[in-house]
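# Observations on chain architecture
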Amino acid sequence: MERVVGRVGNETFVDCRLVERTRSRLVYTLFGGVALGRIAFIMAITVGTLAAAELTGSDRWVGLPSAVTTLGTAIGATSFGIVAQRLGRRPAFAGGYLVSAAGAVTAGIALWQASFLVLLIGSLLVGLGQSISHLARYAAADLREPARRAAAISFIVWAGTIGSVIGPTLLDPLGDVALDRSWPELAGPYIGAAALFGIAVLLFFAGLRPEPLAISVDADSPPPTHHTSSSHLLRTATVRFALLAMVIGQVVMVAVMTVTPVHIRNAGQALTAVGVVITAHTLGMFGLAPVTGWLVGRFGPRRMIGAGALLLLVSCAGSALASGDDTALLVVSLFGLGLGWNMGFVAGSAQLIEGLGLRERLSIQGLADTVVWVSAGAASLSSGIVVEATSYTTASVFGAVLALVPLAAVVSRRAAPAGHLAP
């Protein structure tokens, strides 16, 4: 086997097998931390909608906690991205989940105090740290060769499968625990989420050694001869197309998903029905991610973005036809909604970093995620208002119309070759 120079922390090695084993261990550590964080986040975001309805007595603002959470994620993407560049990914990732743990505790306290404002503060903090779950996909990609980066991204996205399966099923048991102690029912899932975020903090703090940036594939590459600004990168056709795919996919998914629990509850269904539908949705979001990563490598990001947009369109049409007690149709539609998002998210993430060096990737990743989550936050906030003023069907139809945008871009072949400046 060829012997090459590699770095692990401050030590230099010539056996590439040791370097690769260390990189793989770091990727698995990222997977474990994201899995724990996703379980916690799924619980927090689901009960956040219900807590808003309980505290305000109206459906008008049920999307606000989710919107504030998404705003926090947008702020956290840039903020923790900067922290990662300056201090390293290990302190940034552990610190991010610590903020989320504090946010979950704060949201739980809001239910005791019957304070909608405190709920929003807690939701913001949960969102700030939740940005780590998304930035981790780029950290894993940086630990793999270019041909394996889409697979690495999809592997970290796949960690959300654990959250999709376990998170919603914990809502009822944790709610019962809270009631047994004479606590507000919805405080139980929040306290459970805080505990899981805390475990993820410990895992990242102890397991992300050596620092992932120090052992990334491009860590020892010579610096670029000229600085490429984020604004310049945003003018390239591939980056803009990747952003379009991720923004539209996130907006469509969030707009429908956010109001679905309330749509079900308004039909007289219990938390169990909400859990089943959200489980199906989040399973679609994450369960087939490894397959998506393989398909991106096989057919290219642009085609997979088109396939995801088409699936979003069909799924929104299905949810538009579903009543709140039509659990079967909602399960199928929300699963398809999650899978369509997954295709666009994995393919868009791979498209975003295609052909870029490590410093260029670091400069664009947090900014790109911020754009995505700001757009999603607006969708979350507006979805509750749309449902209050019109109906759940209208929100679903709106999502279907938006899904046509990336689909049209793919069909018209507007995506330019990597690195080509858009007009």
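Residues numbered from 1 in each chain as written. Predicted model: local features only at pLDDT ≥ 70, side-chain atom pairs only at ≥ 80, totals over all residues. Heavy atoms only, no water.

Quick look at the packing of aromatic side chains now. To describe a pair of aromatic rings, one takes the distance between the centres and the angle between the planes. Considering all chains together, one arrives at 11 aromatic pairs under this definition. Geometrically, the ring pair formed by Tyr97 and Phe197 is tilted, given 5.6 Å between the ring centres and 45° between the ring planes. Here Tyr97 is found in helix H3 (residues 89-113), whereas its partner Phe197 is found in helix H8 (residues 187-207), with 100 residues between them in sequence. The interplanar angle of 15° and the centroid separation of 4.6 Å between the aromatic rings of Trp341 and Phe345 together place this pair among those described as stacked. In this pair, Trp341 and Phe345 both sit in helix H14 (residues 327-353), four residues apart, roughly one turn of the helix. Exposure remark for Phe345: the relative accessible area of 3% places this residue in the buried category. The positively charged end of Arg209 is found above the aromatic ring belonging to Phe205, 5.5 Å away from the centroid. The ring of Phe299 carries the charged tip of Arg298 above its face, separated from the ring centre by 4.9 Å. (Phe/Tyr/Trp six-rings, centres within 6.5 Å; stacked < 30°, edge-to-face > 60°. Helix = DSSP H or I, 4+ residues; strand = E, 2+ residues; numbered from the N terminus. Buried < 20%, exposed > 50% of the residue type's maximum accessible area, 1.4 Å probe, protein only. Lys NZ or Arg CZ within 6 Å of the ring centre and 35° of its normal.)

On to the packing of helix H4 (residues 116-142) against helix H5 (residues 149-158), then. At a minimum axis separation of 8 Å, H4 and H5 run at an interaxial angle of 150°. On the basis of their axis angle, the class for H4 and H5 is roughly antiparallel. In this structure, H4 meets H5 at a crossing whose hand is right-handed. Note on element contacts: H5 touches H4 through Arg149, Ala152, Ile153 and Ile156, opposite Ser133, Ala136, Arg137, Ala140 and Ala141. Its residues placed into classes, the contact of H4 with H5 shows six nonpolar, one polar and two charged. (Axes fitted to C-alpha atoms, helices over the stretch in contact; angles between N-to-C directions. Parallel < 35°, antiparallel > 145°, perpendicular 65-115°, else oblique. Left-handed = near helix turned anticlockwise from the far one by under 90°. Contact = heavy atoms within 4.5 Å. Nonpolar A, V, L, I, M, F, W, Y, C, P; charged D, E, K, R; others polar.)

Okay, the layout of surface pockets next. Reported here for the largest pocket is a volume of approximately 270 Å³. Along the walls of the largest pocket sit 17 residues, with Pro146, Ala147, Arg149, Ala150 and Ala350 positioned nearest its centre. It is helix H12 (residues 289-299) that contributes the most residues to the lining of the largest pocket, four residues altogether. Partitioned by chemical class, the residues of the lining of the largest pocket number 10 nonpolar, four polar and three charged. (1 Å grid on protein atoms, 1.4 Å probe; cavity = no way out; pocket = protein on both sides within 12 Å on 5 of 7 lines; lining within 4 Å. Points joined across faces, edges and corners; volume = space filled by probe spheres on them.)

What follows covers H3. With 25 residues, H3 ought to run about 36 Å at 1.5 Å a step, and its terminal C-alpha atoms sit 36 Å apart, in line with that. One or two steps after H3, the chain reaches Ala114, where phi turns positive at roughly 55°. (Expected span 1.5 Å × (residues − 1).)

A word on the pattern of salt bridges. Inspection of the entire model under this criterion finds five salt bridges. Across the salt bridge formed by Glu20 and Arg23, the nearest N and O atoms sit 2.7 Å from each other. Remark: Arg23 and Glu20 occur in helix H1 (residues 16-56); sequence separation between them is three residues, near one turn of the helix. Relative accessible area serves as the criterion here: at 27%, Glu20 is assigned to the partly exposed category. Within the structure, one salt-bridge network assembled from shared partners comprises Glu20, Arg23 and Arg144. (Salt bridge = Lys/Arg side-chain N within 4 Å of Asp/Glu carboxyl O.)

A separate point is H14. In a regular helix each residue adds 1.5 Å, so 27 residues correspond to 39 Å; H14 covers 39 Å between its end C-alpha atoms and thus fits that length. Most of H14 is tucked away, with 21 of its 27 residues classed as buried. The first or second residue beyond H14 is Gly355, which carries a positive phi of 80°.

What follows is about the nonpolar core. One broad rule of soluble globular proteins: the nonpolar side chains tend to lie buried together. Among the nonpolar cores identified, the biggest contains 63 residues, and Leu337 and Leu352 are the most heavily contacted of them. No other element matches helix H10 (residues 237-265), which puts 17 residues into this core. If sequence neighbours within four positions are ignored, Leu352 has contacts with Tyr138, Val239, Ala242, Met246, Ile364 and Ala368. Membership of the second largest hydrophobic core comes to 60 residues, among which are Ala104, Leu143, Phe155 and Phe204. (Core = buried A, V, L, I, M, F, W, Y, C linked by side-chain atoms within 4.5 Å.)

With that settled, consider the side chain of Arg23. For Arg23, a relative accessible area of 10% gives the class buried. Those residues in contact with Arg23 that lie beyond four places of it in its chain are Leu143, Ile215, Ser216 and Val217.

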